[in-house]
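Spelled out from the first residue to the last, the chains are:
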Amino acid sequence: MALRNVLVVEHDNDTLRKKSREITEITDKIRTLAEDMKETLYEKNGVGLAAPQVGMLKRLIVVDIGEGPITLINPVIAYRKGSQKEMEGCLSVPGVWGIVERPETVIVRGMQLDGEMTEFEATGLLAIAFCHEIDHLNGVLYTDKVIEYVNPDDTQQEGK
Ligand code: ZN
């Protein structure tokens, strides 16, 4: 396993703003990428990371809100309900935080690294993390959706 360099806005917009491609075959390269993304996520104290953030335009995300890692290939939001407005940050947009409106509940479907399809019903922070990371796969950054930027001086921050 190895740490990967996390791309940042403006400098790496040519990659971060592109749509990622579907993964059609789970190769050793994909498995290594997933492991490296997990390691990078923990090193950066983030709650989620999408492959384009490490320079790979592939539909692969890793999310961990403190309940263990979830790795999903070709994830899609199959259902969304309600809304929540919470503060978000992003490892690719360092030093900035803002309030974003997201669904309160989502059902996300995707493939596991073993090729099995899986489904998660997520609420709260996990729903936010899925929406945020899946946006990355479409070249969308949370800053596109910010209602209001905030100064998080006295709050513990987490990047996604
Ligand atoms: Zn992000």
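No experiment lies behind these values; they were computed from the predicted model shown. (Residues numbered from 1 in each chain as written. Predicted model: local features only at pLDDT ≥ 70, side-chain atom pairs only at ≥ 80, totals over all residues. Heavy atoms only, no water.)

Peer 1: Got a minute to help me understand the overall build of the protein in this structure?
Peer 2: Counting its regular elements, the protein contains three helices and eight strands. Moving toward the C terminus, one meets the helices and strands of the protein in the order α-α-β-β-β-β-β-β-β-α-β. The C-alpha radius of gyration computed for the protein amounts to 15 Å, which stays within 12% of the reference 15 Å derived for 160 residues, consistent with globular compactness. The principal-axis extent of the C-alpha atoms belonging to the protein is close to 40 × 35 × 25 Å. (Helix = DSSP H or I, 4+ residues; strand = E, 2+ residues; numbered from the N terminus. Rg over C-alpha atoms; globule rule 2.2 N^0.38 Å.)

Peer 1: Explain the sheet that holds strand β4 (residues 84–90) to me, please; I cannot follow it from the model alone.
Peer 2: Strand pairing within a sheet occurs via backbone hydrogen bonds; the two strands may be parallel or antiparallel. Taken together, three strands build an open sheet; the order of strands is β4-β5-β8 and the sheet is antiparallel. The two strands at the open ends of the sheet, each matched to only one other strand, are β4 and β8 (146–150). For this sheet, the mean angle separating the axes of adjacent strands, direction not counted, is 30°. Examined bridge by bridge, strand β5 (residues 93–102) and β8 share four bridges and lie antiparallel to one another. If you follow G98 over to β8, its bridge partner there is Y149. Together, β4 and β5 form the strand contacts of helix α3 (residues 124–137), whose direction differs from that of β4 by roughly 55°. (Pairing = 2+ DSSP bridges. Axes fitted to C-alpha atoms, helices over the stretch in contact; angles between N-to-C directions. Contact = heavy atoms within 4.5 Å.)

Peer 1: Quick question: what am I supposed to make of the pattern of salt bridges here?
Peer 2: One side chain can pair with another of opposite charge once the charged atoms of both are near each other. Across all of its chains, the model carries eight salt bridges by this definition. A salt bridge links R4 to D36; the nearest nitrogen and oxygen atoms lie 2.8 Å apart. Placement of the pair is R4 in the segment before α1 (13–16) and D36 in helix α2 (residues 28–43), with a sequence separation of 32 residues. On the accessibility criterion, R4 (24% relative accessible area) is partly exposed. Connected through shared salt-bridge partners, E88, R102, D135 and K145 make up one network. (Salt bridge = Lys/Arg side-chain N within 4 Å of Asp/Glu carboxyl O. Buried < 20%, exposed > 50% of the residue type's maximum accessible area, 1.4 Å probe, protein only.)

Peer 1: Can you help me understand the pairing of strand β3 (residues 70–81) in this one?
Peer 2: Taken residue by residue, a regular strand's side chains alternate between the two faces of the sheet. Alignment of strand β2 (residues 60–63) against β3, held across four bridges, turns out to be antiparallel. Each bridged residue has a counterpart across the sheet, and for V62 the counterpart in β3 is T71. Where β2 folds back on β3, the antiparallel hairpin that results is connected by six residues, among which G66 adopts a positive phi of roughly 105°. In terms of strand pairing, β3 meets strand β6 (residues 105–111) through six bridges, oriented antiparallel. By the bridge assignment for β6, Y79 is matched with I107.

Peer 1: Is there a simple way to think about the packing of aromatic side chains in this case?
Peer 2: Note on aromatic pairs: each is described by the distance of the centres and the angle between the planes. One pass over the full model with this rule turns up one aromatic pair. Both rings, one in F120 and one in F130, keep their centres 5.9 Å apart while their planes meet at 40°; by these two values the pair is tilted. Taken together, the positions of F120 in strand β7 (residues 117–123) and F130 in helix α3 put the pair 10 residues apart, joining distant regions of the chain. The class for F130 is buried, based on a relative accessible area of 0%. (Phe/Tyr/Trp six-rings, centres within 6.5 Å; stacked < 30°, edge-to-face > 60°.)

Peer 1: Hey, could you run me through the side chain of R102 in this one?
Peer 2: Mapped onto the elements of the fold, R102 is located in strand β5. Among the polar contacts listed, one links the side chain of R102 to the side chain of E88, at a separation of 2.8 Å. Leaving out residues up to four positions away in the same chain, R102 has contacts with G82, S83, Q84, E88, I128, C131, H132, D135, Y142 and K145. (Polar contact = N/O pair within 3.5 Å; in protein donor to acceptor, adjacent residues only side chain to side chain.)

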